[in-house]
Amino acid sequence: MPLEGEYEPSPTAWVRKQVELYESSGGTEGTTMRGLPVVLVTSLGSRSGKLRKTPLMRVEHEGSYALVASNGGAVKHPVWYHNLVATPLIELRDGPHVEDMKTRLVTGGERRAWWERAVAAFPDYADYQRRADREIPLFVAEPVVRDV
């Protein structure tokens, strides 16, 4: 894992429970939200310096993943958005598969293509965008290439 530090569970009870179930089962349970698949993203807290774990809707394409900072359509970005801006390295768990990844914020045509994939995977994103008074940021997470 590219990240090191002490893990601090989420202050939100349902997130803590889902993360615990996802990890304790080796990625065989807790892998859905509202009947749709989720991945588990571990990032480094931009202010705390502690490891944070966040379940996000699974939007995968050719081994890369979209991480949609929708915050349910709220006017503010989710806290994890700031974590990825400060430290773009993450660990992503997709079921039992765990991989070190690097994230980048996407714009323009690339963002539009990923946004379409995101809405296809989780249609509520379109409603969130209509409600939000901001363009919802979208990161792409790609596998970290290691020197051999």
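A brief report on the enclosed structure follows. (Residues numbered from 1 in each chain as written. Predicted model: local features only at pLDDT ≥ 70, side-chain atom pairs only at ≥ 80, totals over all residues. Heavy atoms only, no water.)

### Quick word on the layout of surface pockets
Argument step 1. Here the largest pocket defines a volume of roughly 700 Å³.
Argument step 2. Lining the largest pocket are 27 residues, with W14, V15, T54, P55 and W80 positioned closest to its centre.
Argument step 3. Per element, the largest residue contribution to the lining of the largest pocket is 6 residues, and it comes from strand β3 (residues 51-57).
Argument step 4. Here the lining of the largest pocket is built from residues that sort into 16 nonpolar, 7 polar and 4 charged.
Argument step 5. Counted as a void, the second largest pocket has a volume near 150 Å³.
Argument step 6. G45, S46, R47, S48, R52, V79, H82 and N83 together form the lining of the second largest pocket. (1 Å grid on protein atoms, 1.4 Å probe; cavity = no way out; pocket = protein on both sides within 12 Å on 5 of 7 lines; lining within 4 Å. Points joined across faces, edges and corners; volume = space filled by probe spheres on them. Helix = DSSP H or I, 4+ residues; strand = E, 2+ residues; numbered from the N terminus. Nonpolar A, V, L, I, M, F, W, Y, C, P; charged D, E, K, R; others polar.)

### Some words on the pattern of salt bridges
Argument step 1. Taken as a whole, this structure holds 9 salt bridges when the rule is applied.
Argument step 2. Of the charged contacts in the structure, one is a salt bridge between R34 and D124, with a shortest N-O distance of 2.3 Å. You can see R34 sitting in the loop between β1 (32-33) and β2 (36-44) and its partner D124 sitting in helix α4 (residues 124-131), a full 90 residues away along the chain.
Argument step 3. Exposure remark for R34: the relative accessible area of 59% places this residue in the exposed category.
Argument step 4. Counted as one network, the salt bridges with shared partners bring together E8, K50 and R52. (Salt bridge = Lys/Arg side-chain N within 4 Å of Asp/Glu carboxyl O. Buried < 20%, exposed > 50% of the residue type's maximum accessible area, 1.4 Å probe, protein only.)

### A short note on the side chain of T103
Argument step 1. Of note, T103 is situated in strand β7 (residues 97-105).
Argument step 2. Judged by relative accessible area, which is 6%, T103 ranks as buried.
Argument step 3. When sequence neighbours within four positions are dropped, the list of residues in contact with T103 reads L67, L84, P88, I90, F139, V140 and A141. (Contact = heavy atoms within 4.5 Å.)

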